[in-house]
Amino acid sequence: MTKATIAACSISFLLALSTRADEEPKVEAQPLHIGALQEFGYIVDGTYLAGTEKSRLVHQDWVDHFGAFITKDVTVEDRLHLSAGLGGVFQFRKPETVGLGFAFHQRKAFFVGPTKAEAVYDIGEVGKPWLQLGTGMFGYKYNPQAANLGEYLFRSGAYPTYNYTGGYVIANSAGTALEGFKALFRKGNFKGDLLLFTETGLAPMYDWSLAGVASYSVADGLLEVGAGFNLQRLIQVRPSRTANPVIGNSYFDVNGETFVGQKEFYGNPARFYAARADSMTAKDPVANAAKIEDYRARAASFAAKAVIVDSIQTLDASARPATKHYSAAAILLMARATLDAKKLFSSDAFGAEDFKLYAEVDVQGVQNYPVYYEKITDRMPVMFGINLPGFKILDLIAVQGEYLHSPWLNNTFQRGRNAFNTPYLPDPLDANLSKDDYNDAATKDDFKWTVQLKKNLGGNVSLWAQAASDHLRMPSSFYFYGPQFDHNEVTALDNQWYWMAQISWGI
Amino acid sequence: MVDKRLGLALGALLMSAVLAGAMDTKVDYKPLKITGVQEFGQIQSGMLISTPYQPMSAEWLDHFGSFLTQEAKVNERLLIQIGLGGTFQNGKPERVDEKFGGSQYKMFFIGPTIAKATVLFGEDRAKPAFSIGGGIFPFKYNSQAVNLGEYLFRTGAYPTYIMNGGLLMIGDNAAYLQGYHAAARLGNLDLDLLMTTETGMPPLYDWSLAALANYRIMDGAIEVGAGVNFKRILQVDPKRTVVDSAANSYFTRNGRHYVGDPSYYQEQFNFYDFKITNAKSPTSDTIGFGAKRDAAKAAADSVASWIDPVTRTVPGASKFTPAGPIFMAKAGVDFKKLFGIETKSPKDMILYGEWALLGWENFPVYYEKRTDRMPIMFGFNLPTFGLLNLFALQGEHFSSPFQNNSYSLGGSNYATPWYPNGTTKEFSEKEYNDLSTKDDWAWSVLVQRSFYRSFTLSGQIARDHLRTVGTDWFYGSRLEPTEDLHKISDWYWAFQLAWSI
């Protein structure tokens, strides 16, 4: 597929939607949908920044969000559904810095825009189409049990390996918003979705991805299984942005060993271990002799490699060894299953979401790359959860866990700063991220968890409460790329978590 | 404190739970309300405290706003209101530069204008006896305060500041609150209870508890009201609300009260020294300045020497806080009703006043007298004989020894007043900071005429607490720290055309 093909298909698709344009159509307009939410809570312990700035720990940092939305839905000739919505959320960027000028952050930021803008055409029986074709900006969620964690087919990237949860709102924000085209197929217990969408969130921008998601439920919903793929950035509008052809985004072989072109990968640990050795020497050189020797040896090893990379960097491009470049494009895979255990009992005591056990496993990039991305299991988040019984007192009590053993922090710094598809390499003097070993914070963020409660009140009001250590990012007062979130997840380190309460209402 | 804050969250959720009961949904939609407003005018004379100071003469202002609001009532009991809108503004001072830092472009301040859910109780659903709700909402307790007044939610005690207007100059006379609101309407008695969070003026997020009562006598011929707002009673981050710094502290040494900010004394020294040094000949203007200069210098040096160089605090000092209760009382007399006079405009011939105390507690040096924190607003709606809908004259007296300025809250979260450089003649002419003695009186004249049901034409001239959107300021609502009009002779005029349906 080429970019021209995309454009041609888009126009054809839109023409197909505009049927019978010369006749007076039958139009049914729904009342304006209005909604709002208020959310507040604490980052009990968290980490901000971790980019060009060192990470900053926070304790009991208050969060306040307020959102308002309006949406209009119209159906034309029973088959064409048009929706448009506007809205936004008040946020305060983090970390809040006290001062008067532009560089300080004690003011509301209002993230406003279209919340939904789509046209969907039904094919098949009116009210029960077997196929829906749609285009625009639309919300999409394939895993209804993913109350917070999960949904990574569209909320993650492979190189660098990152995951998102939440958004401008923290609770009840476990879907994704896509911009592009969709085809939704429904046949009995089978659902199949095909999506072609463009990347307008995280740079590099505008690349097109092709995704397919399917699910099948058996035994009247006792078991549901699903799977999907996302050919992320399949069509690259500017390949040199997707796989930046510069030495910093490269890897190459020297004397049979593969090196990366980012000198910091070697220089940062060299400085870290040298500093640790110096510190221990100053304290007690005799008692720490073994450790000092170990640190010195590691510092020397990394420093030697840094010299090699440095020497390669200084060469003219034509004289360098053959380089390959890390790409943002990737193949993502997903499989999931849900067992609705209450269907095994015949009891009216349970709510619709009670007693569901579920899991989702993803592969964030099938392809391995040398040095940074050598094991596929380092890019395989496994989410699992159970909805505890709420006995119709609470509508949802979701307990979720997740394991992702990535050797890197969940951080998008290199994308935003350099257009590199490489992991974040912390400042060697950032003591929050490198304590006993360089970048050892990345070993402390493997397990994530969430507890989420929900109560609907009368159909128009919902209450949410959530406590979690997840992949939350806050709108940043320092960084202004993509959705303007922090590079790094907030609850990145041991025992970091937050709680949040939300009330939402709408009609 | 953590427990209190967690309690607040749980309380809020429980309160929210009250907002809705199980119900079969019957929804009554009101028509979508659309509103547009255009206003323009001129600051005849004023000054901005940007760097350098910007005197303003014949400074043009232009604002344009548009708003959408939808209301729906579920089962005649749950009222949901959502509005979105914004206003175009141009920051002041207008700085000629093509890059960031210049200000020759429109800014669009957009957001929810209202987003509130309210549960209504009582037999009469059109006028419910009791309601409880929450969200973002405008709140106005003094319907006569068309410009000045409405102090309970538009002021701060420490530092002492008063706001009026906002992103519009005319008709922007309510407070926009975020939080929860319970109201009772019991015959002639109105009661309101509000728990609101601070998302405008830093330090952010603190919660305030306010209660108001209003009573109508003789079918509304006389109306009296009172209220209290315990500002920042619940502090989400107490170290942000009460900053532990020498410059935000006060203490006593050798029987004398001091503040822990040497610059406060140093600027006084600079003023007196400048005056003495630059006097062409000893005149009566500088008599006594020598002693004041020496005293200021001694205080500045002493305070500087008492500050611990490590902690940057003064050992044993107490700290200023922006938290404190604000009290309000108001009254109005409608002479039409009192004397049975028939007029075409229901707003004619009403005499009214509002008094407030901005902070009960006195603090040494900066906040020593309650009367320095007592604005008094009074006004009268002249008879218009059917030619106008409103002809409001308002006056206000507020004798604060400092500028009406929130700079310290924005710049450092200090609860201290702003004070000028000693050598800036605009602020200190015959005495240090004597400009603040020239802003005690404020006034406002507003005329209003509606036509074709949907249009309202307004004209306003005033010396009030107008703040324009600041090119240099990025805290809170991005308005100027100081009011633009510093003297009773500073004033502006503005016209506004608004349409709504």
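Values in this document were obtained by computation on a predicted structure and should not be read as measured data.

**Points about the overall build of chain A**
When you go through chain A residue by residue, the secondary structure sums to five helices and 23 strands. Against the globule reference of 23 Å for 507 residues, chain A gives a C-alpha radius of gyration of 25 Å, in line with a compact fold. When its C-alpha atoms are laid out on the principal axes, chain A stretches across 85 × 55 × 55 Å. The buried share of chain A, taken over its 507 residues, is 46%. In chain A, once contacts between residues fewer than 6 apart in sequence are set aside, the share between residues at least 24 apart is 65%.

**Quick look at the overall build of chain B**
Looking only at helices and strands, one finds six helices and 23 strands in chain B. Against the 2.2 N^0.38 benchmark of 23 Å for 501 residues, chain B shows a C-alpha radius of gyration of 24 Å, consistent with a compact globule. Each principal axis of the C-alpha atoms in chain B carries an extent, and together these give about 75 × 55 × 55 Å. Looking at chain B alone, contacts between residues at least 24 apart form 64% of all its contacts between residues at least 6 apart.

**Topic: the interface of chain B and chain A**
At the interface, 49 residues of chain B touch 40 residues of chain A. Elements with a contribution of two residues or more to the side of chain B that touches chain A: α1 (2-18), β1 (27-29), β3 (54-74), β4 (78-89), β5 (107-121), β6 (130-139), α6 (407-412) and β22 (475-476) of chain B. Residue composition of the side of chain B that touches chain A, by class: 32 nonpolar, 14 polar and three charged. Note: strand β5 (residues 106-107) of chain A against β22(B), two bridges, orientation parallel. Residue pairing across strands places Gln106(A) opposite Tyr475(B), the latter belonging to β22(B).

**A word on the pairing of strand β12 (residues 222-234) of chain B**
All names here are of chain B. Note that strand β11 (residues 207-217) and β12 share ten bridges and pair antiparallel. Along β12, the bridge assignment pairs Leu212 with Gly227. Hairpin connection between β11 and β12: a loop of four residues separates the two successive antiparallel strands, and Met218 in this loop has a positive phi of roughly 55°. Relative to strand β16 (residues 324-334), β12 is paired through ten bridges, and the arrangement is antiparallel.

**With respect to helix α4 (residues 289-314) of chain A**
Note: α-helices contain 3.6 residues per turn, so residues at a spacing of three or four share the same orientation. Residues and elements named next belong to chain A. For α4, spanning 26 residues, the distance from its first C-alpha to its last is 37 Å, which sits close to the expected 38 Å at 1.5 Å a residue. Those residues of α4 not exposed but buried are Ile292, Tyr295, Ala299, Phe302, Lys305, Ala306 and Val309. Turning to α4, the residues buried within the fold contact β15 (257-260) and α3 (264-283).

**Details of the packing of α3(A) against α4(A)**
Residues and elements named next belong to chain A. Interaxial distance between α3 and α4 falls to 8 Å at its minimum, and their mutual angle equals 155°. Of the possible angle classes, the one that applies to α3 and α4 is roughly antiparallel. In this structure, the crossing between α3 and α4 has a hand that is left-handed. For the pair formed by α3 and α4, the contact residues are Tyr266, Gly267, Pro269, Ala270, Tyr273, Ala274, Arg276, Ala277, Met280 and Thr281 on the first element and Lys291, Ile292, Tyr295, Arg296, Arg298, Ala299, Phe302, Ala303, Lys305, Ala306 and Val309 on the second.

**Some details on the environment of Ala211(A)**
By secondary structure assignment, the location of Ala211(A) is in strand β12 (residues 208-218). Placed 16 residues apart in sequence, Ala211(A) and Leu195(A) show a C-alpha to C-alpha distance of 5.1 Å.

**Focus on the sheet that holds β15(A)**
Residue and element names in this part refer to chain A. Spatially, three strands are ordered β15-β14-β16 in an open sheet, and the strand pairing comes out antiparallel. Each edge of the open sheet is held by one strand with a lone partner, namely β15 and β16 (323-325). The mean angle between the axes of side-by-side strands here comes to 30°, regardless of whether they run parallel or antiparallel. In this sheet, β16 lies alongside strand β14 (residues 250-254) in antiparallel orientation, the contact comprising three bridges. Considered in β16, the bridge of Tyr251 is made with Lys324.

**Examining the environment of Tyr492(B)**
Residue and element names in this part refer to chain B. You can see Tyr492 is positioned in strand β23 (residues 491-500). Classification of Tyr492 by C-beta neighbours within 10 Å gives buried; the count is 23. Each C-alpha atom of the pair Tyr492 and Ser57 lies 9.8 Å from the other, and the pair is 435 residues apart in sequence. Excluding its chain neighbours within four sequence positions, the residues that come into contact with Tyr492 are Gly41, Gln42, Ile43, Gln44, Ala462 and Leu466.

**Section: unusual backbone geometry**
Each neighbour pair has its own omega, and for Lys94(A) with Pro95(A) the value is -5°, a cis peptide bond. Relative to the helices and strands, Pro95(A) resides in the loop between β4 (80-91) and β5. A cis amide bond, omega -5°, links Pro202(B) with the succeeding residue Pro203(B). The backbone of Ala219(A) sits at a positive phi, close to 55°, despite the residue not being glycine. Relative to the helices and strands, Ala219(A) resides in the loop between β12 and β13 (223-235). With 11 C-beta atoms counted inside 10 Å, the residue Ala219(A) sits in the exposed group. Here Lys392(A), not a glycine, exhibits a phi torsion of approximately 65°, which is positive.

**Thoughts on the nonpolar core**
Ranked by internal contacts, the top residues of the largest apolar core, which has 174 residues, are Leu153(A), Tyr273(A), Ile80(B), Ile82(B), Leu152(B) and Ile326(B). In terms of residue count, strand β2 (residues 33-48) of chain A provides more of this core than any other element does, seven residues in total.

**Things to note about the sheet that holds strand β14 (residues 256-259) of chain B**
Residue and element names in this part refer to chain B. Pairing is antiparallel in the open sheet, where three strands are placed in the order β14-β13-β15. If you trace the sheet from one side to the other, it starts and ends with β14 and β15 (318-319), each paired once. Relative to β14, strand β13 (residues 249-253) runs antiparallel, the two sharing four bridges. Paired with Arg253 across the bridge in β14 is Arg256.

**Observations regarding the pairing of β4(A)**
All names here are of chain A. Relative to β4, strand β3 (residues 56-76) runs antiparallel, the two sharing eleven bridges. Bridging from a neighbouring strand, Ala68 pairs with Gly88 of β4. The turn linking β3 back onto β4 is made up of three residues, and Glu77 within it adopts a positive phi angle of 55°. As defined by bridge partners, β4 adjoins strand β6 (residues 109-125) across twelve bridges and the pair is classed as antiparallel. Counted as the bridge partner of Leu86 is Pro114 from β6.

**Describing the packing of helix α3 (residues 262-278) of chain B against helix α4 (residues 289-306) of chain B**
All names here are of chain B. Direction vectors running N to C along α3 and α4 enclose 150°, while the axes themselves pass 8 Å from each other. Classed by the angle they form, the pair α3 and α4 counts as roughly antiparallel. Relative to α4, α3 is oriented so that their crossing is left-handed. Across the interface between the two elements, Pro262, Tyr265, Gln266, Gln268, Phe269, Tyr272, Asp273, Lys275 and Ile276 from α3 touch Phe289, Gly290, Lys292, Arg293, Ala296, Lys297, Ala299, Ala300, Val303 and Ala304 from α4.

**Here's the deal with the confidence of the model for chain B**
Mean pLDDT over chain B works out to 92, with 95% of the residues at or above the 70 mark. Across the interface, the model reports ipTM at 0.83; the global pTM reads 0.89.

**Focus on the environment of Val74(B)**
Mapped onto the secondary structure, Val74(B) falls in strand β3. In this structure the C-alpha to C-alpha distance between Val74(B) and Val119(B), which are 45 residues apart in sequence, comes to 9.4 Å.

The rules behind these values
Residues numbered from 1 in each chain as written. Chains lettered and ligands numbered in written order. Predicted model: local features only at pLDDT ≥ 70, side-chain atom pairs only at ≥ 80, totals over all residues. Helix = DSSP H or I, 4+ residues; strand = E, 2+ residues; numbered from the N terminus. Rg over C-alpha atoms; globule rule 2.2 N^0.38 Å. Buried ≥ 20, exposed ≤ 12 C-beta atoms within 10 Å, placed from the backbone. Contact = placed C-beta atoms within 7 Å. Nonpolar A, V, L, I, M, F, W, Y, C, P; charged D, E, K, R; others polar. Pairing = 2+ DSSP bridges. Expected span 1.5 Å × (residues − 1). Axes fitted to C-alpha atoms, helices over the stretch in contact; angles between N-to-C directions. Parallel < 35°, antiparallel > 145°, perpendicular 65-115°, else oblique. Left-handed = near helix turned anticlockwise from the far one by under 90°. Core = buried A, V, L, I, M, F, W, Y, C linked by C-beta atoms within 7 Å. pLDDT = per-residue confidence, 0-100.

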